Amino acid sequence: MISVKNLYHSYNNDKNYQVKNVSFEVNEGEIFGFLGPSGAGKSTTQNILTGLLRIQKGEAIVAGYNVRDMSKEMFNKIGMSFEQSNVYSKLTAKENLDFYRKLFDVPTRDSIELLKLVGLEGKENIKAGNFSKGMKHRLTFARSMINNPKLWFLDEPTTGLDPSIAANIKSIIKEKNREGVTVFLTTHNMFIADELCDRVAFIVDGEIKLIDSPKNLKLQYGDKLVEVEYVKEGEIITEKLSTVLEKDKKSLQNIISRYEIRTMHTKEATLEEIFIKVTGRGLI
Amino acid sequence: MKLFYSFIKELKLASRGYYFYIELFVAFLILFVFLFAVPATFDSKSSEYIYLDMPKEAKDMYLEEILYKDIDKKAEVVKVKIDNEKKDALLYITEDKKIYVLNNKEDVIDIADKERKTSGIIKIDDENNVKYEYYLQGYESQRLKNLLKILHVEEADTLKEVMDNQDVRSISTNYELLSDRENILPSVLVFNGSLMGLFIIAAYIFLDKKEGVIKAYAITPSPVWQYLMSKVGVTSFTSIISSLIVLIPIMGFKPDYILLLVLLIVTGFFSSSLGLLIASFYKNIMQAFGVLYVVMMLMILPNIAYFIPSWDPSWIKIIPTYFMLEGFKTILIGNNDFIYILSVSGGFLITGIILFVISNERYKRNLLE
């Protein structure tokens, strides 16, 4: 669905590239996570792929269209939810969606149905300027689905949302993906990436450091540990034991048979820990 | 159809913002001032303050002479304010001036000194010659001073005879003259109608940049030029409405409104495209304000040439508002000079298209700026 080869971009048109030699492919029907800290080049890459920035060097094919010679028809196939909400504050929620519906050449979704889907039912006649930040974000998210996109660009789709609404947004993303929509997810939130993505790319300082599935990364970089918390002679003790070393295995068996177990967890490495291990950088 | 939907959306946005109502309010305010404060014809009668320093017989003869020229053949006893005091005077109103005859020399000097009015004393010397003593303010032109010097050298009858023998012929008589009030209207049409679009469209663009909606529009299949043209459409629409609010009550149905609409639309298109181009170089209205201000000031310059025809340097004709003013005046005069109006309109249309195409290219390249 997306093919990027040796992509470079410099805002000053000099050799100081903000995106350097970036290459990756996104397969049809997958959720691809583009992960990195602020200023890593995530949004620049996404803006080039959506035509908001002119491609300078390299090749990019998006939904079958060469970005260098982009046709306006391409936008009938793609949708984009921006990190910063960008809706007309003087139009109502419904007027905002109704206007964008008329700009596409393909069948579009009903505005009221979309507002209901993102939890804005009953708010259709309120001006977007009177919405809270989270409501504006949901309206921007709803707008990105208006043309039933085959390729869906999502830039920090759950940022600033409370957990229940974020869960709703994640379930919508999963549902759309089940329907066959390819998702290009840009985020610095490793938990949402871990939960949603089939594959992730780590990008730092404009360069891709690694591309793989979260599961493979955990297997490759995670330590196989169990953290157990138990009560010994009235005292609460916490220990981390290897599930590979014979000595630790025997200790674990001993603890289970002799003491009262309070909690016990396998300790997989998180994506964030792997990111730090691979790139040597945090995600802030 | 997408252009139409964009236009309707822009109209909704405009009607829910301040700029739209400010423009309409200003139009009504101008109309109110024109109807109730600006006279149809300005009082062009000059006022003269004189004292006749001569024997009673001579004075009576002189006053009789003035009375002969008085419109109602009656002298009116009036009070003239001099240095917060009310002094008696006789007022004679002729076709081209008001003559106040004061009662003493001191009043003549005081009215010049305290009230800053030009005055004079007319006296008869020992040889029975009439002498004129003028009290000027100092700012009068050298031409006026020279005129006053020679005015009394020749006999008045001689001057009249020379003037009567001057042959003045009108080249064209196929027009009606505008009243003083109507003569200001071209200026109002240019600034409240056409040029307001320059500033307002820039304000609309910066509002969209602030809200980020340009980016959202850019990832739809609709071309950028339709987004820009819908804004031009709204600014032209509001300029037509505000112009007609002022024009119809004052001019009635005298002007050719079809020609007027053509010129309003093309000049509005030209100035809106110029506003789009200026806005494309800046991120917000604060950054653009300096350039917008300079452009607006430049556009005001031809106004001076319009009201002071003797100041009409050739370089002023480079400024587009010069032709806007002339074009609107030609329509209001009603001499049906279609060729001139259509030539001016064509010029603004072509220039507007060039500016619009350049703006479109800039917005396509720099959507994120």
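Residues numbered from 1 in each chain as written. Chains lettered and ligands numbered in written order. Predicted model: local features only at pLDDT ≥ 70, side-chain atom pairs only at ≥ 80, totals over all residues. Heavy atoms only, no water.

K.L.:
Can you explain the overall build of chain B? Please cite residues and give values.
P.N.:
Counting its regular elements, chain B contains 14 helices and 6 strands. When its C-alpha atoms are laid out on the principal axes, chain B stretches across 95 × 45 × 35 Å. The proportion of buried residues among the 369 residues of chain B is 42%. Counted over contacts in chain B with a minimum sequence separation of 6, partners at least 24 positions apart contribute 68%. Split by element, the accessible area of chain B, about 20,700 Å² in all, is 61% carbon and sulfur. Separation between the mean location of the 39 positive side-chain charges and that of the 44 negative ones in chain B comes to 13 Å. (Helix = DSSP H or I, 4+ residues; strand = E, 2+ residues; numbered from the N terminus. Buried < 20%, exposed > 50% of the residue type's maximum accessible area, 1.4 Å probe, protein only. Contact = heavy atoms within 4.5 Å. Areas by Shrake-Rupley, 256 points an atom, 1.4 Å probe, with all protein chains shown as cover. Lys, Arg positive; Asp, Glu negative; His and termini not counted. Charge placed at Lys NZ, Arg CZ, Asp CG, Glu CD.)

K.L.:
How would you summarise the domain arrangement of chain A if you had to cite specific residues and measurements?
P.N.:
Structurally, chain A comprises domain 1 (2-215) and domain 2 (223-267). Domain 1 of chain A and domain 2 of chain A are separated by 44 Å when their C-alpha centres are compared. (Domains from an automatic or database assignment.)

K.L.:
Residues and numbers for the sheet that holds strand β3 (residues 85-93) of chain B, please.
P.N.:
Residue and element names in this part refer to chain B. The sheet built from 6 strands is open, its strands ordered β2-β3-β4-β1-β5-β6 with mixed pairing. The strands lining the two open edges of the sheet, one partner per strand, are β2 (76-82) and β6 (130-135). Looking at each pair of strands side by side, their axes are set apart by 35 degrees on average, direction ignored. In the sheet, β3 pairs with strand β4 (residues 97-102) via 5 bridges, with the strands oriented antiparallel. By the bridge assignment, I93 is partnered in β4 with K98. (Pairing = 2+ DSSP bridges. Axes fitted to C-alpha atoms, helices over the stretch in contact; angles between N-to-C directions.)

K.L.:
Before we move on, could you go through the side chain of A:S144 and cite the residues and values that matter?
P.N.:
Residues and elements named next belong to chain A. With respect to the secondary-structure elements, S144 resides in the loop between α4 (133-143) and β7 (151-155). For S144, the side chain forms a polar contact with the main-chain oxygen of F141, separated by 2.5 Å. At a separation of 2.9 Å, a polar atom in the side chain of S144 contacts the side chain of W152. S144 has contacts with G79, M80, S81, P149 and W152, leaving out every residue within four places of it along the chain. (Polar contact = N/O pair within 3.5 Å; in protein donor to acceptor, adjacent residues only side chain to side chain.)

K.L.:
Tell me about the interface of chain B and chain A, and name the residues and values.
P.N.:
With 25 residues of chain B at the interface, the matching set in chain A holds 27 residues. With both sides pooled, the region where chain B packs onto chain A buries about 2,600 Å², and carbon together with sulfur makes up 65% of that total. When the buried surface of chain B facing chain A is broken down by residue, B:R16, B:I219 and B:P221 rank first, second and third, together holding 27% of it. Here chain B and chain A share 3 salt bridges between them. (Buried area = accessible area lost by both parts, 1.4 Å probe. Salt bridge = Lys/Arg side-chain N within 4 Å of Asp/Glu carboxyl O.)

K.L.:
I'd love a proper account of the nonpolar core, names of residues and values included.
P.N.:
Of all hydrophobic cores here, the largest spans 105 residues; its most connected members are A:I2, A:F24, A:L49, A:V62, A:F153 and A:F184. By size, the runner-up hydrophobic cluster in this structure holds 43 residues, among which are A:L97, A:V181, A:I192 and A:L196. (Core = buried A, V, L, I, M, F, W, Y, C linked by side-chain atoms within 4.5 Å.)

K.L.:
Give me the lowdown on the side chain of A:K176, citing residues and values where you can.
P.N.:
Inspection of the secondary structure assignment puts A:K176 in helix α5 (residues 163-178). In this structure A:K176 touches A:R109, A:M145, A:N148, A:W152 and A:V181, once residues within four positions along its chain are discounted.

K.L.:
Explain the confidence of the model for chain A residue by residue, including any values.
P.N.:
A residue-level look at chain A finds 99% of positions with pLDDT of 70 or above and a mean pLDDT of 88. For chain A, the element scoring lowest by mean pLDDT is helix α9 (residues 271-279) of chain A, at 78; helix α2 (residues 93-101) of chain A scores highest, at 94. (pLDDT = per-residue confidence, 0-100.)

K.L.:
So what's going on with the sheet that holds strand β4 (residues 57-62) of chain A? Which residues, and what values?
P.N.:
Backbone-to-backbone hydrogen bonds join strands into a sheet, with any given pair of strands oriented parallel or antiparallel. Residues and elements named next belong to chain A. Across the sheet, 4 strands lie side by side as β2-β1-β4-β5; this open sheet has antiparallel pairing. The open sheet has two free edges, formed respectively by β2 (19-26) and β5 (65-66), since each of these has just one partner strand. The pairing of strand β1 (residues 2-9) with β2 spans 5 bridges and is classified as antiparallel. Paired with L7 across the two strands is V22, which belongs to β2. In the packing of helix α1 (residues 42-49) onto the sheet, the strands contacted are β1, β2 and β4, and the crossing angle to β1 comes to about 120 degrees.

K.L.:
Lay out a nonpolar patch on the surface with the relevant residues and their values.
P.N.:
Residues and elements named next belong to chain B. A cluster of nonpolar residues, V130, Y132, Y134, L136, L144, L147, I150 and L151, forms a patch on the protein surface that exposes about 650 Å² of accessible area. Counting only elements with at least two residues in the nonpolar patch, the list comes to β6 and α5 (142-151). If one sorts the elements of the nonpolar patch by residue count, α5 sits on top with 4 residues. Following the sequence through the fold, V130 ends up in strand β6. V130 sits in the partly exposed class, given a relative accessible area of 41%. (Patch = residues over 30% accessible without salt bridge, like charges linked within 9 Å, V, L, I, M, F, W, Y side chains within 5 Å.)

K.L.:
Before we move on, can you summarise the packing of aromatic side chains with the specific residues and values?
P.N.:
Residue and element names in this part refer to chain A. By the definition in use, this model includes 25 aromatic pairs over all chains. A ring pair is formed by F32 and F184, whose centres lie 5.9 Å apart and whose planes are at 20 degrees; its orientation type is stacked. Here the residue F32 occupies a position in strand β3 (residues 31-35), and F184 occupies one in strand β8 (residues 182-187), the gap between them amounting to 152 residues. A relative accessible area of 0% places F184 in the buried class. Seen in terms of ring centroids, F202 and F275 are 4.7 Å apart; in terms of plane orientation they differ by 65 degrees. Their pairing is edge-to-face. Within this pair, whereas F202 is found in strand β9 (residues 199-204), its partner F275 is found in helix α9, the two being separated by 73 residues in sequence. Considered together, F202 and F275 belong to a single accessibility category, that of buried residues. Here the aromatic residues F24, F32, F34, F153 and F184 are joined through ring pairs into a cluster of three or more. (Phe/Tyr/Trp six-rings, centres within 6.5 Å; stacked < 30°, edge-to-face > 60°.)

K.L.:
I'd love a proper account of the confidence of the model for chain B, names of residues and values included.
P.N.:
Residues and elements named next belong to chain B. Chain-level statistics for chain B give a pLDDT mean of 85 and a share of 92% at 70 or above. Put simply, helix α6 (residues 156-164) is where chain B has its lowest mean pLDDT, 69, and helix α11 (residues 257-279) is where it has its highest, 92. Scoring the predicted complex yields pTM 0.75 and, for the interface, ipTM 0.83.

K.L.:
So what's going on with the packing of helix α10 (residues 224-251) of chain B against α11(B)? Which residues, and what values?
P.N.:
Residue and element names in this part refer to chain B. Two numbers describe how α10 lies on α11: the axes approach to 9 Å, and their chain directions differ by 140 degrees. What the angle tells us is that α10 and α11 run oblique. Handedness of the crossing formed by α10 with α11: right-handed. Contact residues: L228, M229, V232, T235, S236, I240, S243, L244, L247, I248 and M251 in α10; Y257, L260, L261, L264, I265, G268, F269, S272 and L276 in α11. Taken together, the residues of the contact of α10 with α11 sort by class into 15 nonpolar, 5 polar and no charged. (Parallel < 35°, antiparallel > 145°, perpendicular 65-115°, else oblique. Left-handed = near helix turned anticlockwise from the far one by under 90°. Nonpolar A, V, L, I, M, F, W, Y, C, P; charged D, E, K, R; others polar.)

K.L.:
Before we move on, could you go through the packing of helix α7 (residues 214-221) of chain A against α9(A) and cite the residues and values that matter?
P.N.:
All names here are of chain A. Packing of α7 against α9 leaves a shortest axis separation of 10 Å and a crossing angle of 65 degrees. Note on packing geometry: the crossing formed by α7 with α9 is left-handed. Residues P214, L217, K218 and Y221 of α7 form the contact with α9, whose own contacting residues are L271, I274, K277 and V278. Partitioning the contact of α7 with α9 into residue classes produces 6 nonpolar, no polar and 2 charged.

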